[in-house]
Number of protein chains: 2
Amino acid sequence: MPRGSTPLVLPMPGNGDLAGRLARRLSAEVGALSVRRFPDGESYVRLLSNVAGRSVALVCTLDRPDDKLVPLYFLAATARELGAARVGLVAPYLAYMRQDARFQPGEGVTSAQFARLLSSAVDWLVTVDPHLHRVATLAEIYQVPAVAVAAAPAIAAWVRAHVAEPLVVGPDSESEQWVRAVADAAGAPHVVLAKVRRGDRDVEVSVPDVARWRGRTAVLVDDIISTAGTMIEAVGHVRRAGLVDPVCVGVHAVFASDAYSELLAAGAARVVTCDTVLHASNAIALDEPVAAAVRPFLA
Amino acid sequence: MPRGSTPLVLPMPGNGDLAGRLARRLSAEVGALSVRRFPDGESYVRLLSNVAGRSVALVCTLDRPDDKLVPLYFLAATARELGAARVGLVAPYLAYMRQDARFQPGEGVTSAQFARLLSSAVDWLVTVDPHLHRVATLAEIYQVPAVAVAAAPAIAAWVRAHVAEPLVVGPDSESEQWVRAVADAAGAPHVVLAKVRRGDRDVEVSVPDVARWRGRTAVLVDDIISTAGTMIEAVGHVRRAGLVDPVCVGVHAVFASDAYSELLAAGAARVVTCDTVLHASNAIALDEPVAAAVRPFLA
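First, a word on scope: everything that follows refers to the structure included in this document.

Criteria and cut-off values
Residues numbered from 1 in each chain as written. Chains lettered and ligands numbered in written order. Predicted model: local features only at pLDDT ≥ 70, side-chain atom pairs only at ≥ 80, totals over all residues. Heavy atoms only, no water. Salt bridge = Lys/Arg side-chain N within 4 Å of Asp/Glu carboxyl O. Helix = DSSP H or I, 4+ residues; strand = E, 2+ residues; numbered from the N terminus. Buried < 20%, exposed > 50% of the residue type's maximum accessible area, 1.4 Å probe, protein only. Contact = heavy atoms within 4.5 Å. Polar contact = N/O pair within 3.5 Å; in protein donor to acceptor, adjacent residues only side chain to side chain. Nonpolar A, V, L, I, M, F, W, Y, C, P; charged D, E, K, R; others polar. Pairing = 2+ DSSP bridges. Right-handed = clockwise from strand over helix to strand, strands pointing away. Axes fitted to C-alpha atoms, helices over the stretch in contact; angles between N-to-C directions. Parallel < 35°, antiparallel > 145°, perpendicular 65-115°, else oblique.

**Some points on the pattern of salt bridges**
All names here are of chain A.
Moving on, step 1. Tallying each qualifying case throughout the model produces 32 salt bridges over all chains.
Moving on, step 2. Asp-275 is the partner of Arg-21 in a salt bridge, and the nearest nitrogen-oxygen pair spans 2.8 Å. Of the two residues, Arg-21 sits in helix α1 (residues 16-26) while Asp-275 sits in the loop between β15 (270-274) and β16 (282-284), which places them 254 residues apart along the sequence.
Moving on, step 3. Given the relative accessible area of 17%, Arg-21 is considered buried.
Moving on, step 4. Judged by relative accessible area, which is 13%, Asp-275 ranks as buried.
Moving on, step 5. Of the charged contacts in the structure, one is a salt bridge between Arg-64 and Asp-63, with a shortest N-O distance of 3.1 Å.
Moving on, step 6. For Arg-64, a relative accessible area of 33% puts it in the partly exposed group.
Moving on, step 7. Judged by its relative accessible area of 9%, Asp-63 falls in the buried class.
Moving on, step 8. The network of salt bridges with common partners includes Asp-17, Arg-21, Arg-25, Asp-275 and Asp-287.

Structure, rendered in structure tokens:
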């Protein structure tokens, strides 16, 4: 392939490690860009690689999204202005999937609004396990092709390799989709707890009988660990039921403020996450399935 | 006018004072909205006023813009979804006007990119003295009607009322446009200094002979005071030329980090700004000309 048409993987700050692994799998070049702040708080962006005529994949995971969105929008626009053949976004963690309905009059349905904004900026999107709940597929809210990579096979492989006699536990009903997929692929039984949410941080868990699985190691699986309130309640429950040393697995290590240390303090024997949000708990690499989803867009 | 069609002025957090004054001048209602952050860093927005069928003016000045843009975009989209007849933006300070060209290869021309983003969110824009330099008018980069209110008449009135024997001084060539307008309206002479910029904070001033105006009070006028580097150099120059106790007037009190106290420490006898960015130095109210510019959009 002539050099001019080699696809370009362009990491936003903090996304260089995953971008490098994706580029190797995709026979793409890792490009360079610069993002900084002027003293007045405005963002400055610059593409340092030639994008003309090339297929470009920006890599930017979208935890704490508001600060990242403006420079990301500018960089995508700049790549288009400078003649990129196509500009896509690899956002291993996709933000704004939780406010997917108007729960109170006047609320913004930000999942759809954010999707419209991103759809105006890029030609395609690849993400990992977006929090689909009332919205069934990304195509309902994204106006560009948007592919959701499943983390379950990689999580199941990790469970098989690291946990003897696992019981896969979903901390709430919304986690059913990930939990069943992981349990089935790991050949393990699973149970799903029920949750009542009273506010951002106030969560109570009511639960089925897990005591009959005593002797197994509980592997609690959820898509996003943010405040960890749900996980902490679930850890408490399985421990009280006699399943000691539970392992917590999250796809996305969002971890608001002290949530990680609070989860360990609550009795999680180990906390393991995928590499969608850079964090000390990352142990499950997803560059292979993400690269497979990106490949068709670079052709 | 039936209540349902009373125009609605909706202040984003921190913009309530100006919004209240605008609403009084426009016989509009001040509406309410809520903006907060979820623990994971995402923004939550809610309109607390009924917008259906009404003309809406969001008020959000855009210093430190990146954090404000996402909730602003969501609120404008929500107002449209909920049936607002028209949704405009009053941004007394308009961000991203300074990167108006590709100075280095690969740079984003963020003035035009930001304009496109705002133009996708609202139906009209009113601002005060945007930093027009290589771009001659807002219409070159905004796809919706965009009106620039001039602060010069109000600044000139302040100078006439507060400074005897003024010499209006422009700290650099880019300030020529504001300085001439203020001087002419104030019936005062003016001079413009020349500036060489070496970086965000490194500025040197080379100057015409201002010593012949000794005995007058120098009134340094610029559109944006951000790092205050330009103003501080200019204050030093006029003081060395024998014009003691200079007064600094800025349209937009952006003031990065300690710039305000540094400007006072450099020998500015007084620092005065318009009320486009809330700051202790605000002394010149612009709600009257801003309301006049907004009025046609609410009809």
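**Considerations on the interface of chain A and chain B**
Moving on, step 1. Contacts between chain A and chain B engage 47 residues on the former and 47 residues on the latter.
Moving on, step 2. At the boundary of chain A and chain B, one finds 8 salt bridges.
Moving on, step 3. A salt bridge links B:Glu81 to A:Arg116; the shortest N-O distance between them is 3.9 Å.
Moving on, step 4. Along the contact surface separating chain A from chain B lie 22 residue pairs in polar contact (both at pLDDT 80 or more).
Moving on, step 5. Of all the secondary structure elements, the ones that give two or more residues to the side of chain A that touches chain B are β3 (33-37), β4 (43-47), α2 (65-81) and α3 (110-121) of chain A.
Moving on, step 6. Looking at the side of chain A that touches chain B, the element that brings in the most residues is α2(A), giving 11 residues.
Moving on, step 7. For the side of chain A that touches chain B, a count of residues per class yields 21 nonpolar, 11 polar and 15 charged.

**Here we look at the pairing of strand β9 (residues 166-170) of chain A**
The side chains of a regular strand alternate between the sheet's two faces.
Residues and elements named next belong to chain A.
Moving on, step 1. Among the 5 residues in β9, 5 count as buried, and that is most of the element.
Moving on, step 2. The two faces of β9 match: Pro-166, Val-168 and Gly-170 on one face and Leu-167 and Val-169 on the other face are all buried.
Moving on, step 3. Bridging between β9 and strand β10 (residues 190-192) involves 3 bridges; their strand directions are parallel. Looking at the pairing, Val-168 lines up with His-190 of β10.
Moving on, step 4. Handedness of the crossover is the feature at issue here: the chain leaves β9, passes through helix α5 (residues 176-186), returns alongside β10, and the resulting connection is right-handed.

**With respect to the environment of A:Cys248**
Residues and elements named next belong to chain A.
Moving on, step 1. By the secondary structure assignment, Cys-248 is in strand β14 (residues 247-253).
Moving on, step 2. Residue Cys-248 is classed as buried on the basis of its relative accessible area, which comes to 0%.
Moving on, step 3. As a C-alpha pair, Cys-248 and Val-272 span 24 residues in sequence and 6.1 Å in three-dimensional space.

**Remarks on the packing of α2(A) against helix α2 (residues 65-81) of chain B**
Moving on, step 1. Between α2(A) and α2(B), whose axes approach to 8 Å, the crossing angle comes to 95°. The orientation of α2(A) with respect to α2(B), classified from their angle, is roughly perpendicular. Residues A:Asp66, A:Asp67, A:Leu69, A:Val70 and A:Pro71 of α2(A) form the contact with α2(B), whose participating residues are B:Asp66, B:Asp67, B:Leu69, B:Val70 and B:Pro71.

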